[in-house]
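# Residue-level structural notes
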Amino acid sequence: VKPMTPRCTVPKAVPVGKTASLHCHENEGYPKSTYSWYRNSEPLSPDTKSNAKLQNSSYTLNPTTGTLVFHAVHKGDTGRYSCIATNDAGFAKCEEQEMEV
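This is a predicted model, so every value here is computed, not measured.

Rules behind the numbers
Residues numbered from 1 in each chain as written. Predicted model: local features only at pLDDT ≥ 70, side-chain atom pairs only at ≥ 80, totals over all residues. Heavy atoms only, no water. Pairing = 2+ DSSP bridges. Helix = DSSP H or I, 4+ residues; strand = E, 2+ residues; numbered from the N terminus. Axes fitted to C-alpha atoms, helices over the stretch in contact; angles between N-to-C directions. Salt bridge = Lys/Arg side-chain N within 4 Å of Asp/Glu carboxyl O. Buried < 20%, exposed > 50% of the residue type's maximum accessible area, 1.4 Å probe, protein only. Core = buried A, V, L, I, M, F, W, Y, C linked by side-chain atoms within 4.5 Å. Contact = heavy atoms within 4.5 Å. Disulfide = S-S within 2.5 Å.

### Points about the sheet that holds strand S1 (residues 7-9)
Pairing within the open sheet is antiparallel, and its 4 strands lie in the order S1-S2-S6-S5. Looking at strand neighbours, the two that pair on one side only are S1 and strand S5 (59-62), the edges of this open sheet. Sheet twist, expressed as the mean angle between neighbouring strand axes with direction ignored, is 5°. Examined bridge by bridge, strand S2 (residues 20-25) and strand S6 (residues 67-70) share 3 bridges and lie antiparallel to one another. Across the sheet, Ala20 pairs through a bridge with Phe70, a residue of S6.

What follows is the structure, given as C-alpha cells:
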C-alpha cells in the first residue's frame, strides 16, 4: 500500500544553539514507510560524517521514525524542510515548511 502524505512538524523559529526536533509520520503505508528529509530540496544524509557539506551540522536523522533532531542549530540550518515517506509501493511528500534560526 502506497504511503499517504506524511504529517510533518517543523518548528517555525529556533534560537541559535538550541535543540530543534522535526517530525514526519504516516501510518497508511504497507510495508512500513522509511523517511527521508530535505532542506531546500537537497536530501539530508542520515550519515553526517560521510558528507563534507554536512560536517558542521549536528543532527541525527532516524529513517525509521522520521525524526530529525538538531542538537545545536546554527544559521546554516535555516531553510525549507520537507519529508518523503517511501515504501515498496511508492512514496508521498509533505509540504515544505520554513524553519528559521
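### Section: unusual backbone geometry
Across the chain, the bulk of peptide bonds are trans and the bulk of non-glycine residues have phi less than zero. The step from Tyr30 to Pro31 runs through a cis peptide bond, and the omega angle for that step is 0°. Positionally, Pro31 belongs in the loop between S2 and strand S3 (34-39). Residue Asn40 is not a glycine yet carries a positive backbone phi of 50°. As for its placement among the helices and strands, Asn40 is situated in the loop between S3 and strand S4 (42-43). Positive phi is not limited to glycine here, since Ser41 has a value of about 70°.

### Points about the pattern of salt bridges
Taken as a whole and assessed by the stated rule, the structure comprises 2 salt bridges. The partner of Arg39 in a salt bridge is Asp77, and the shortest N-O contact between them spans 3.6 Å. Here Arg39, found in strand S3, pairs with Asp77, found in the loop between S6 and strand S7 (79-87); they are 38 residues apart in sequence, far enough to count as distant. For the residue pair Arg39 and Asp77, the accessibility class agrees, reading buried in each case. In this structure, Arg80 engages Glu96 in a salt bridge whose closest nitrogen and oxygen atoms are separated by 2.8 Å. Of this pair, Arg80 sits in strand S7 while Glu96 sits in the loop between strand S8 (90-93) and strand S9 (97-99), and the two are 16 residues apart along the sequence. On the accessibility criterion, Arg80 (35% relative accessible area) is partly exposed.

### Describing the nonpolar core
Of all hydrophobic cores here, the largest spans 20 residues; its most connected members are Leu22, Trp37, Leu68, Phe70, Tyr81 and Met99. Of all elements in the fold, only S2, S3, S5, S6 and S7 reach the threshold of two or more residues within this core. Excluding anything up to four places from it in sequence, Phe70 contacts Lys18, Thr19, Ala20, Leu22, Arg39, Ser58, Tyr59, Asp77, Tyr81 and Met99.

### Focus on the state of the cysteines
Two cysteines whose sulfur atoms are joined by a covalent bond form what is called a disulfide. Using the criterion set out here, one finds 2 disulfides in the structure. The disulfide partner of Cys8 is Cys94, and the gap between their sulfur atoms is 2.0 Å. Sign of the S-S torsion, about -105° for the bond between Cys8 and Cys94, identifies this disulfide as left-handed. Linking Cys8 in strand S1 with Cys94 in the loop between S8 and S9, this pair joins segments that are 86 residues apart in sequence. According to the relative accessible area criterion, Cys8 is buried, its value standing at 12%. According to the relative accessible area criterion, Cys94 is buried, its value standing at 5%. Sulfur-sulfur distance for the disulfide between Cys24 and Cys83 comes to 1.9 Å. Because the torsion about its S-S bond is -75°, the bridge between Cys24 and Cys83 counts as left-handed. One end of the pair, Cys24, is in strand S2; the other, Cys83, is in strand S7, with 59 residues separating them in the sequence. Under the relative-accessibility criterion, Cys24 is labelled buried at 1%. Sequential numbering of the bridged cysteines in the chain gives the disulfide pattern 1-4, 2-3.

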